Structures are given as structure tokens and as C-alpha cells.
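Chain residues, written in single-letter form:
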Amino acid sequence: MMKRLSPWNLGATLYMPATRTDIAEAILNVKVEGLRSLVICLEDAVSEEDVPSALSNLQVLLDILAKAKATDGSSHWPLVFIRPRDVEMGARLTQTMNLSPVDGLVLPKFTLASLPAWWEFIQHTHLCMMPTLETEEVFDVEQMRQLAVSLLDHPCHQRLIALRIGGNDLMNVVALRRPRHLTLYDGPMGYVIKMLVSVFATRGFALTAPVCEHIDDHDIMDKELALDMAHGLVGKTAIHPNQISKIEAALRVSDNDYADALRILNSSQAVFKSLGAMCEPATHRRWASAVLERAQVYGIISERENGGIVRVPLSQQS
């Protein structure tokens, strides 16, 4: 069975401002269909003047969740994260609030220089970490290489569920905003995502995709999700519930890929042809393992002759 804090369980990660009063309902009563993970945000989604009320609201929420967890458990909940405003707020939260119902923290503006300050208090908790790469340093491949190597050797490595790519903050660094009719990959972020995959994924780190802020343009969303999957990203930030089903659909595995993955992992041949393409277990094995992990969580889709797409339960797969 896949562990709860696997990066594949993130799916569409919905960000909700800590000022909202319906977060408990979203967690406890499946208010948002298909929600696998959410981030209670105290950073960009909350204005400076609203921070006190957001913290007060968070305290009430945590009390509700702690009582619910003690009564019914939390295995059926979506993964729950908090994004503090900065290191100081993160430390204060761990010292003054009951974070037992929370799975981890999203670390904003994360850099190698800030790692010691974050780890100083997180190490004494049960919390996992999802650092967000969203500062000027992210554009420097050498600094990213140093960060990746350092994280591999740091005791926090076992707490890292994934690294989040902060697309809007990175675009702000270069004074740009994504054009309305282009994917994020059509501008500077195309390079950044490719570079981050090359630096971090090669060392076994999971990366999540930036948000698509064009909520109503589903064509752009579909194109961007296809590119997210092509780059091996394990989930995507969502800012609206109507994006969740799109992200879920993109994460499902095609029956052709699933069949290839099984053949690659079970074949004794060095090279063979499958569905018109070459399969080489020596070089495709890691891809095949990832495909099966995705299928375990999100299921399989089958393209019928009429062009329709049907979910195929894993129990029906051979």
C-alpha cells in the first residue's frame, strides 16, 4: 500500500486563504469533490492587515480538526498543509498551536540559506516539508545544484514530500505575467521547469507544477497539464475547485502506457517493440515504476474506438 505522504497523493493541491471559514467543511465533509491535498495559506493569499484574523481563524480550525481526528481519525482526509508567511511565523505556529491534525508545512521563498532556520524547529515536530522554489536563486542552475546536493545530505531529506515550483513568484522576479493565450512553458518558465527537473528529478526529488491562473480557459489548462506530465511533475497547484477534475484527469495513466510499463518491468528481453514503439527495460524501468505508482492512485483511462475515455479500475487490469 502506498504511504499517505507519497508525493503521488498530492494530486491537485488547492490553496485556501486562512481567512476562510469553510476550511473545516472542506476537510471533514468532502465539500470539494476529488480534493486530495490542500494548503491553508497565511502568505500571499492573506493581506498584512488580515493576518491577525487569519491566525485566529486558524486556531479555531485546528481545534476542530484535532477533536475530529481524536474521534474518527484522519486517514480519510485530504493531506493538510499550512503555508506560514515566513520562518518566524512558522516557528511561532509550532510553539503556540496544536498542529497534530496537520501533515506538514509549505515553506515559502525557500533557499539553501533559509534551510537551517526552518529545520531548527521542524525537526522537533512530526511535520513534513514542501519547500517552494520561487526566488531569484531559482534561475541559477549552479545554486539549484548546490541546493539539491545539500538537501540529499541533510537530515530533513526524509521529511521532504515534494518541492513546489512557484510560477507566479518566479515570473515576478523577471517582471512578467503569463500571457492569457500561452502556457507557462511558452515563456521563461519553460527553461526554469526543464532545468529544475534536470537538477532535482535526477536526484530523486519530486516536483509539483505551478498554478494555471487562467481559471476559465480549459484549453490552455489542458495543454499545460500535458506538458506538466511530459516533464514528470507529480501534481499541480490549484486555485479554484473547477481545476481539480482537470488535474486529476491529466494524472490518470493511459492503458497503453500501463501496458508498456508492465511489459517493461516483467520482460527478460533487452529491447522489444510494443504498440509501435521501442521499449528498453534498462532505460525505461524508472519511468515504468512511476507509471504504476500513478495508476495505483489515479487509475487508468482507455481510449475506445469512438474516441471516448473510460476509467478502468486497477482490479480489472492484468
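Treat the numbers as computed from the prediction; the structure is a model and nothing was measured.

1. Details of the pairing of strand β8 (residues 235-238)
Part 1: The alternating pattern of β8 places Gly235 and Thr237 on one face and Lys236 and Ala238 on the opposite face, and all of these are buried.
Part 2: Bridge analysis of strand β1 (residues 11-17) against β8 gives four bridges, and the strand direction is parallel. Counterpart to Ala12 in the pairing with β8 is Lys236.

2. Re a nonpolar patch on the surface
Part 1: Taken together, the side chains of Val173, Val174 and Leu176 present a nonpolar region at the surface, about 210 Å² in accessible area.
Part 2: Inspection of the secondary structure assignment puts Leu176 in the loop between α6 (167-173) and α7 (188-200).
Part 3: For Leu176, a relative accessible area of 44% corresponds to the partly exposed category.

3. Observations regarding the nonpolar core
Burial of nonpolar side chains together is a common tendency in soluble globular proteins.
Part 1: Ranked by internal contacts, the top residues of the largest apolar core, which has 94 residues, are Ile82, Leu151, Leu196 and Phe200.
Part 2: Leave out the neighbours within four places in its chain, and Ile82 touches Val39, Ile40, Leu42, Leu58, Leu62, Leu93, Leu99, Val102, Gly104, Leu105 and Val106.
Part 3: Counting ten residues, the second largest nonpolar core, distinct from the first, contains Ile264, Cys279, Ala288 and Ile300.

Scoring rules and cut-offs
- Residues numbered from 1 in each chain as written.
- Predicted model: local features only at pLDDT ≥ 70, side-chain atom pairs only at ≥ 80, totals over all residues.
- Heavy atoms only, no water.
- Buried < 20%, exposed > 50% of the residue type's maximum accessible area, 1.4 Å probe, protein only.
- Helix = DSSP H or I, 4+ residues; strand = E, 2+ residues; numbered from the N terminus.
- Pairing = 2+ DSSP bridges.
- Patch = residues over 30% accessible without salt bridge, like charges linked within 9 Å, V, L, I, M, F, W, Y side chains within 5 Å.
- Areas by Shrake-Rupley, 256 points an atom, 1.4 Å probe, with all protein chains shown as cover.
- Salt bridge = Lys/Arg side-chain N within 4 Å of Asp/Glu carboxyl O.
- Core = buried A, V, L, I, M, F, W, Y, C linked by side-chain atoms within 4.5 Å.
- Contact = heavy atoms within 4.5 Å.

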